[in-house]
Amino acid sequence: MTDTQEYDIIIVGAGFAGVHQLLNVRKLGLTAKILEAGGGLAGTWYWNRYPGARVDSEMPIYQFSDPELWKDWSFTEYYPDWRGIQAYFRYVDQKLDVKRDVLFNSRVASAHWNDSVNRWTVTTEDGRVFRAQFLSLCTGIGSKYHVPDFKGLDTFKGEVHHTARWPEEYDFTGKRAGIIGTGATGVQVIQEIAPVVAHLTVFQRTPNLTLPMRQRKISVEEQKKMKTLYPILYRRRYQTFAGFPYDLDPKPVADTTPEERALAFEDQWEKGGFRLWFGSYTELYTNQKFNDEVYVFWREKVRERISDPELQEKLAPMRPPHPFGVRRPSLEQRYYEVYSQPNVTLIDINKAAIEEITPKGLKTSDGVEHELDVLVLATGFDMVTGGITSIDIRGQDGIPIKEKWADGVQSYLGLASATYPNMFWIYGPQSPSSFSNGPSSIEYTSEWIINCIKHMKDNNISSIVPTEEAQHAYSEHVDQLGAAGLWLGAKTSWYLGTNIKGKKTQMLQFPSGIPPYAKLCNDSASKGYEGFHLKHPHA
């Protein structure tokens, strides 16, 4: 019989969200344990070590806002790579001894609620059992990776690697490589390996409407000067749509001139990052005519860098593949120049579909067999929900959450779900998640949860759970926000779950930005946690 270990809170995942939860639970004097499937801290950045893997938020805001952690820490690049983020988490551990409360290589298999004792029983795949009053799911939006059902994949004689499970050391030099997928990961891999492979064949379904990263080295001295602004930056995060220091402009497009807009686009492009996406006019997401204008600007900027007319049409087509910004753009450094290399071939799988993987490589519907030594699957994740539904979570009615969400996600405030008491998640379904800089929305939600737990402890409340009515109203609100925008203009989009066969099409994230989301959460808390049922222990 396995001994049950007792804690106040069990946290699943040791990335930004899990570590933030742990450090703040400690401040309340409560006991906590993080269960982490990987072998180290950093969450997605423990697994994301494929060639070129790096963040797409600028380093001042891609770290914890605690001055104890940023005052003596310096990155080396403006957009840190996976090594930089792992080094940062080692530093955080060194300062605050995070690892003493983490169990690594511990994948959670199940979490079952017992209503009579107000406790979660959490079991890991290797059979260890934990009991806690609270369950905090910090599984992120990209923890369950996705491999499409390619015919013949198991017959390939070369090597196959999914970017989410990359080997620690891998050398592409002199190899014939194929890559399926041109999302954010695909773009990073392609521009990194193209100079060293013998040949690279890229299989593209939808062109990525990438934006310029403007990467650069950054010195300790420059960061020291910037740090005088850090407290302001961290306060500003909660005031902007996506938690960046810049914001969408609410000015009606009808009240602007073409010249004003043209200069704004140029400024956003030159500064780089997500500014053309998260620093444009708010109407980008609702006004098709304006959205088309932004696409034309983007298309001309990209076509300037591509000399071949056929490649121009594949990578920056005259007709937009979908409204600009309704699928996630990636940040690039030399992506378009790669395709002018003689050792790179771009296959449009809308015209030459992937028929099967063969022992020698990959065969397309035009009869061509592309011979490969290594096949890279940049095919993404069961995004937003997969990290939660891959655990057998059962609440008051004993029904697994995967079953409950088969017809669509239901939540209250994008952080809790009816019939699952004392269970919260961070940076997950129906929260701003990837419509924001990760640490910005992570710290906001984590702080809200910590304050809720403190309120419960101070007022002798044993459990808290959303009401069905509040959950229905909130979920309907998120659906309506999604329907009001241009989001459905993307045929396949993980924002809507349409990248996974059989998954219900719905807006999976809160698409209106951090300030209105925070207002809904704060309003509930200030009204005594309106929308939740609070249970006091029997006298």
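Relevant structure appears above.
Residues numbered from 1 in each chain as written. Predicted model: local features only at pLDDT ≥ 70, side-chain atom pairs only at ≥ 80, totals over all residues. Heavy atoms only, no water.

### Section: the overall build of the protein
Inference 1: In terms of helices and strands, the protein carries 17 helices and 20 strands.
Inference 2: A globule of 539 residues ought to have a C-alpha radius of gyration of about 24 Å, and the protein, at 23 Å, matches this closely.
Inference 3: When its C-alpha atoms are laid out on the principal axes, the protein stretches across 75 × 60 × 50 Å.
Inference 4: A total of 539 residues make up the protein; the buried ones form 58% of that total.
Inference 5: Sequence-distant contacts in the protein: of pairs separated by 6 or more residues, those separated by 24 or more amount to 71%.
Inference 6: Taken as a whole, the protein presents about 22,200 Å² of accessible surface, with 51% of it coming from carbon and sulfur.
Inference 7: One finds the centroid of the 60 positive side-chain charges in the protein at a distance of 2 Å from the centroid of its 65 negative side-chain charges. (Helix = DSSP H or I, 4+ residues; strand = E, 2+ residues; numbered from the N terminus. Rg over C-alpha atoms; globule rule 2.2 N^0.38 Å. Buried < 20%, exposed > 50% of the residue type's maximum accessible area, 1.4 Å probe, protein only. Contact = heavy atoms within 4.5 Å. Areas by Shrake-Rupley, 256 points an atom, 1.4 Å probe, with all protein chains shown as cover. Lys, Arg positive; Asp, Glu negative; His and termini not counted. Charge placed at Lys NZ, Arg CZ, Asp CG, Glu CD.)

### Quick word on the sheet that holds strand 12 (residues 344-348)
Inference 1: Taken in spatial order, the 5 strands make up an open sheet running 7-16-8-9-12, and their pairing is parallel. Of all strands in the sheet, those bounded by a partner on one side alone are strand 7 (159-162) and strand 12. Across the sheet, the mean angle from the axis of one strand to that of its neighbour is 15 degrees, orientation sign disregarded.
Inference 2: Bridge count for strand 9 (residues 199-204) against strand 12 is 5 bridges, and the pairing is parallel. Looking at strand 12, one finds that Thr 201 is bridged to Thr 345.
Inference 3: Packing of helix 5 (residues 184-193) onto the sheet brings it into contact with strand 8 (176-180) and strand 9, and relative to strand 8 it is tilted by some 165 degrees. (Pairing = 2+ DSSP bridges. Axes fitted to C-alpha atoms, helices over the stretch in contact; angles between N-to-C directions.)

### Observations concerning the pairing of strand 4 (residues 108-114)
Inference 1: Judged from the 6 bridges that link them, strand 4 and strand 5 (residues 119-124) form a sheet pairing that is antiparallel. Note that in strand 5 the partner of Ala 111 across the bridge is Val 122.
Inference 2: A loop of 4 residues connects strand 4 with strand 5, the two strands running antiparallel in sequence, and Asn 118 in this loop sits at a positive phi of about 55 degrees.
Inference 3: Examined bridge by bridge, strand 4 and strand 17 (residues 392-394) share 3 bridges and lie parallel to one another. Within strand 17, the position partnered with His 112 by the bridge is Arg 394.

### Let's talk about the packing of aromatic side chains
Inference 1: In total, this model carries 46 aromatic pairs according to the counting rule given.
Inference 2: With 6.0 Å between their ring centres and 80 degrees between their planes, Trp 166 and Tyr 170 make a pair best called edge-to-face.
Inference 3: By relative accessible area, Trp 166 is classed as buried at 4%.
Inference 4: Taken together, a centroid distance of 5.5 Å and an interplanar angle of 85 degrees make the contact between Trp 405 and Trp 425 edge-to-face. Of the two residues, Trp 405 sits in the loop between helix 14 (401-404) and strand 18 (423-425) while Trp 425 sits in strand 18, which places them 20 residues apart along the sequence. Trp 425 matches Trp 405 in its accessibility class, with the two residues each being buried.
Inference 5: Members of the aromatic cluster, each reached through a chain of ring pairs, are Tyr 238, Tyr 412, Tyr 444, Trp 448, Tyr 474, Phe 510, Tyr 517, Tyr 529 and Phe 532.
Inference 6: Above the face of the Tyr 46 ring, Arg 49 is positioned so that its terminal group lies 5.2 Å from the ring centre.
Inference 7: The residue whose ring lies beneath Arg 216 is Tyr 78, and the NZ or CZ to ring-centre distance is 4.6 Å. (Phe/Tyr/Trp six-rings, centres within 6.5 Å; stacked < 30°, edge-to-face > 60°. Lys NZ or Arg CZ within 6 Å of the ring centre and 35° of its normal.)

### Things to note about the packing of helix 1 (residues 16-27) against helix 4 (residues 82-96)
Inference 1: Relative orientation of the contacting elements helix 1 and helix 4 amounts to 10 degrees, with a least axis distance of 13 Å. It follows that helix 1 is roughly parallel to helix 4 by the angle criterion. Every residue of helix 4 that contacts helix 1 at Phe 16, Val 19, Leu 23 and Arg 26 is listed here: Tyr 88, Phe 89, Val 92 and Leu 96.
Inference 2: Grouping the amino acids of the contact of helix 1 with helix 4 by side-chain chemistry returns 7 nonpolar, no polar and 1 charged. (Parallel < 35°, antiparallel > 145°, perpendicular 65-115°, else oblique. Nonpolar A, V, L, I, M, F, W, Y, C, P; charged D, E, K, R; others polar.)

### With respect to the state of the cysteines
Inference 1: Under the definition given, this model contains 0 disulfides.
Inference 2: Left unpaired, Cys 138 is separated from the closest cysteine sulfur, that of Cys 452, by 14 Å.
Inference 3: No disulfide involves Cys 452; its sulfur sits 11 Å from the nearest other cysteine sulfur, which is in Cys 521.
Inference 4: Residue classification places Cys 452 among the buried residues on the basis of a relative accessible area of 1%. (Disulfide = S-S within 2.5 Å.)

### So, the nonpolar core
Inference 1: Counting 128 residues, the largest nonpolar core has Leu 200, Trp 298, Phe 424 and Trp 448 as the members making the most contacts within it.
Inference 2: Here this core gets 8 residues from one element, more than from any other, and that element is helix 15 (residues 438-458).
Inference 3: Those residues in contact with Trp 298, other than ones at most four positions away along the chain, are Asn 208, Leu 209, Thr 210, Leu 211, Trp 269, Leu 315, Ala 316, Phe 324 and Tyr 336.
Inference 4: Membership of the second largest hydrophobic core comes to 23 residues, among which are Val 12, Val 108, Leu 137 and Tyr 420. (Core = buried A, V, L, I, M, F, W, Y, C linked by side-chain atoms within 4.5 Å.)

### Observations concerning the pattern of salt bridges
Inference 1: Per the counting criterion, the structure on display carries 32 salt bridges.
Inference 2: A salt bridge links Lys 314 to Glu 310; its shortest N-O distance comes to 3.7 Å. Of the two residues, Lys 314 and Glu 310 are both situated in helix 11 (residues 309-315); the distance of 4 residues between them amounts to about one turn of the helix.
Inference 3: Since its relative accessible area comes to 54%, Glu 310 is described here as exposed.
Inference 4: With its nearest N and O atoms 2.7 Å apart, the salt bridge here joins Lys 404 to Asp 397.
Inference 5: Taking the relative accessible area as the measure of exposure, Lys 404 reaches 28% and is therefore partly exposed.
Inference 6: By relative accessible area, which is 38% here, Asp 397 ends up partly exposed. (Salt bridge = Lys/Arg side-chain N within 4 Å of Asp/Glu carboxyl O.)

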